[in-house]
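Chain and residue survey
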Amino acid sequence: MPHAELKFSSDLEFDAKSILAEIETVILKHSSGAGACKGRAYPAEQFHHSHIAITVALLAKPHRDAAFSRALLADLESLIKARLSQPCKFSLGLSYSPPFYVTNFHAV
């Protein structure tokens, strides 16, 4: 179950919900068994310089090696930058959850 977070200065105008959905699509293109990507967007009203910082976290798997990571990062960067219509500082990070990490669905 991947996670994606967008943290950005509130002066940037883009459709965060669409970008989060597209991030999920790109992840599934690279790793079809990844599952639903939980996404969150956090606009910052107070900031210094226009910027966006994106983090994507996946579970560690044997096929998610350096080549996989580079290809996924390149596709995510292209996708996200294509949706930004204003100049800004850009950061994108990909991380892998540690082995002692619980992820599942809580049903009541």
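Our structure's up above, just so we're on the same page.
Cut-offs used in this document
- Residues numbered from 1 in each chain as written.
- Predicted model: local features only at pLDDT ≥ 70, side-chain atom pairs only at ≥ 80, totals over all residues.
- Heavy atoms only, no water.
- Helix = DSSP H or I, 4+ residues; strand = E, 2+ residues; numbered from the N terminus.
- Rg over C-alpha atoms; globule rule 2.2 N^0.38 Å.
- Buried < 20%, exposed > 50% of the residue type's maximum accessible area, 1.4 Å probe, protein only.
- Contact = heavy atoms within 4.5 Å.
- Areas by Shrake-Rupley, 256 points an atom, 1.4 Å probe, with all protein chains shown as cover.
- Lys, Arg positive; Asp, Glu negative; His and termini not counted.
- Charge placed at Lys NZ, Arg CZ, Asp CG, Glu CD.
- Pairing = 2+ DSSP bridges.
- Right-handed = clockwise from strand over helix to strand, strands pointing away.
- Axes fitted to C-alpha atoms, helices over the stretch in contact; angles between N-to-C directions.
- Disulfide = S-S within 2.5 Å.
- Core = buried A, V, L, I, M, F, W, Y, C linked by side-chain atoms within 4.5 Å.

**As for the overall build of the protein**
- The helix and strand inventory of the protein stands at two helices and four strands.
- In sequence order, the secondary structure elements of the protein are arranged as β-α-β-β-α-β.
- Here the protein has a C-alpha radius of gyration of 14 Å; the compact-globule value for 108 residues is 13 Å, and the two agree.
- Split into buried and exposed, the 108 residues of the protein put 27% on the buried side.
- In the protein, of all internal contacts separated by at least 6 residues, the share reaching a separation of at least 24 is 80%.
- As displayed, the protein has an accessible area near 6800 Å², and 58% of this comes from carbon and sulfur atoms.
- Side chains of the protein carry 11 positive and 10 negative charges; the gap between the two charge centres is 7 Å.

**Here we look at the pairing of strand β3 (residues 51-59)**
- Because side chains alternate across β3, one face comprises the buried residues Ile 52, Ile 54, Val 56 and Leu 58, and the other comprises His 51, Ala 53, Thr 55, Ala 57 and Leu 59, none of which is buried.
- Two strands pair when backbone bridges link them, and strand β1 (residues 3-9) and β3 are joined in this way by six bridges, in the antiparallel orientation. Looking at the pairing, Phe 8 lines up with Ile 52 of β3.
- Looking at chain direction, β3 and strand β4 (residues 89-97) are connected through nine bridges and run parallel. Note on β4: the bridge partner recorded for Ile 52 is Phe 90.
- Assessed by its sense of winding, the connection that carries the chain from β3 through helix α2 (residues 66-82) to β4 is right-handed.

**Quick look at the sheet that holds β3**
- Spatially, the four strands line up as an open sheet ordered β2-β1-β3-β4, and their pairing is mixed. The sheet is open, and its two edges are formed by β2 (38-44) and β4, each paired on a single side. Shown here is a sheet whose adjacent strand axes are inclined to one another by a mean of 10°, direction ignored.
- Where α2 meets the sheet, it contacts β3 and β4, and its direction lies at approximately 145° from that of β4.

**Description of the state of the cysteines**
- In total, this model carries zero disulfides according to the counting rule given.
- Free cysteine Cys 37: the closest other cysteine sulfur is in Cys 88, separated by 20 Å.
- Exposure remark for Cys 37: the relative accessible area of 12% places this residue in the buried category.

**So, the environment of Leu 59**
- Relative to the elements of secondary structure, Leu 59 occurs in strand β3.
- Look at Leu 59 and you get partly exposed, because its relative accessible area is 22%.
- Leaving out residues up to four positions away in the same chain, Leu 59 has contacts with Met 1, Arg 64, Tyr 96, Ser 97, Tyr 101 and Thr 103.

**So, the nonpolar core**
- Counting 23 residues, the largest nonpolar core has Leu 6, Phe 14, Ile 23 and Ile 27 as the members making the most contacts within it.
- If you list the elements that add at least two residues to this core, you get β1, α1 (16-30), β3 and α2.
- The greatest single-element share of this core, amounting to six residues, is contributed by α1.
- Non-local contacts of Ile 23, meaning those with residues more than four positions away in its chain, are made with Ala 4, Leu 6, Cys 37, Ile 54, Val 56, Leu 76, Leu 79 and Ile 80.

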